[in-house]
Amino acid sequence: MVHNAFHIEPVLKKSQLKITTLEVWGQKVLVGTEEGALLVLEEQAGSHIVEFDIVDTRKSFTKRALVQIQAVDGLGILLSLSADLLQVNDLVSLDMRAQLLKTRGAHSFTLSNELDTPVLCCAVKKTLVLYRWDGRMFAEWKDINLSDIPRGLAWCGDAICTSISRKYHLINIFSLSDKTLFDSNSANPTIFRLPDKREVLLGRDSISVFQDFEGRPSRKYAVTWSDAPVACVYSAPYLLGVLPKAVEVQLVETQAVVQSMSLRATHVAAGADGAVLVVANNCVYRLRPVPMARQVEALAEAREFEAGLALVDLGRDAD
């Protein structure tokens, strides 16, 4: 670790509410809490220091703790899963548009915009409950019954990747074919879809394996972390792993650890311009990428020429 790829910037100092989920929508940061409140933060333009203000607070956004939120810009909606059910709100006004009653007891969801019509998949106990967008709202479509509770969800084309009974599976939503991949060795496996690529990262202990949408290894190498990650996020050309005691940054093409930040993060979200937002110690931080030219200069000064050339070869512009 010879240079910094990211700077740490404060976004929200220790909140009086317990932060349970995080999402980024454009230049805004959406923060969900255990109390069911939703906070909307926005960076103040023209300030010489990094400063975010809370521009909206919805104290009773949901009746119970928020578990997961997702802004869907193309549909103009905000999806929010609470300890009660999944609801749909207008993305701008935040007014409620619908509650999906069949999602009572759900613990996670994932949305695909890559099929003919958007499809929403909710994990409800031992069932995958699927909805299709009808142009105005999500309509009930089909249920896929499983042998156990699914852990982790990610779309792989027309299939869902999930972990059932500590084994990774690919379940096609049309044919209902179920392909078993390999053991996850964890009750809380990490499944991460790489943005703009037909690949997922599947965790097994402290190793993350690249798989294609057919469930085959897509690269000859895996990513080895210093501890088992609880989540991953991609900021080209880096992969960030949320570990129990740190956020670790690796250069994907070389699998080299370039930075380790002492943040005990619990939640993570990809932000604008390659930034990454994390929740640690009930505070929100932004990990802002250091300009690539500066990174290359730092590597050259440290005589880490191979690493510097690897960055240049990856085609990142200096600014």
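Scroll up for the structure.
Note that the structure is a prediction, hence the values are computed from the model and not measured.

A. Representation of the pattern of salt bridges in the model. This structure, assessed with the given rule, holds 13 salt bridges. Between R288 and E9 there is a salt bridge, with its nearest N and O atoms 2.8 Å apart. Here R288 is found in strand β28 (residues 283-289), whereas its partner E9 is found in strand β1 (residues 6-12), with 279 residues between them in sequence. R288 sits in the partly exposed class, given a relative accessible area of 33%. Between E140 and K102 there is a salt bridge whose closest N-O contact spans 3.8 Å. Taken together, the residues E140 in strand β13 (residues 138-145) and K102 in the loop between β9 (96-100) and β10 (106-112) connect sequence positions 38 residues apart. Take E140: its relative accessible area is 56%, and that puts it in the exposed class. Taking the relative accessible area as the measure of exposure, K102 reaches 33% and is therefore partly exposed.

B. Representation of the nonpolar core within the structure. Grouped together as the largest cluster of nonpolar side chains are 21 residues, with contacts concentrated most on F6, Y238, L240, V249 and L287. In terms of nonpolar packing, the next biggest core, distinct from the first, is built from 20 residues, A98, Y131, M137 and F138 among them.

C. Molecular detail of the pairing of strand β8 (residues 86-90). Of all five residues in β8, four are buried, a share of seventy percent or more. Examined bridge by bridge, strand β7 (residues 77-82) and β8 share five bridges and lie antiparallel to one another. By the bridge assignment, S80 is partnered in β8 with Q87. Between β7 and the antiparallel strand that follows it, β8, lie three residues. Note: β8 against β9, four bridges, orientation antiparallel.

D. Local environment of helix α2 (residues 305-313). The complete set of buried residues in α2 reads G308, A310 and L311. Viewed along the axis of α2, the buried residues span an arc of 155°, placing them on a single side of the element. Those residues of α2 that are exposed and angled more than 90 degrees off the buried face are E306, L309 and D313. Contact partners of the buried residues in α2: β23 (238-242), β24 (247-251) and α1 (292-301).

E. Expanded view of the side chain of S82. Mapped onto the fold, S82 is located in strand β7. Once residues within four sequence positions are removed from consideration, S82 is found in contact with T62, R64, A65, L66, V67 and A106.

F. Local environment of the sheet that holds strand β26 (residues 265-270). Judged by pairing direction, the sheet is antiparallel, and its four strands sit side by side in the order β1-β28-β27-β26 without closing on themselves. Each edge of the open sheet carries a strand with a single partner, namely β1 and β26. On average, each strand axis in the sheet is tilted by 25° relative to the strand beside it, whichever way the strands run. Across six bridges, the pairing between β1 and β28 is antiparallel. Directly across from P10, in β28, lies its bridge partner Y285.

Rules of the game
- Residues numbered from 1 in each chain as written.
- Predicted model: local features only at pLDDT ≥ 70, side-chain atom pairs only at ≥ 80, totals over all residues.
- Heavy atoms only, no water.
- Salt bridge = Lys/Arg side-chain N within 4 Å of Asp/Glu carboxyl O.
- Helix = DSSP H or I, 4+ residues; strand = E, 2+ residues; numbered from the N terminus.
- Buried < 20%, exposed > 50% of the residue type's maximum accessible area, 1.4 Å probe, protein only.
- Core = buried A, V, L, I, M, F, W, Y, C linked by side-chain atoms within 4.5 Å.
- Pairing = 2+ DSSP bridges.
- Arc of directions from axis to C-beta.
- Contact = heavy atoms within 4.5 Å.
- Axes fitted to C-alpha atoms, helices over the stretch in contact; angles between N-to-C directions.

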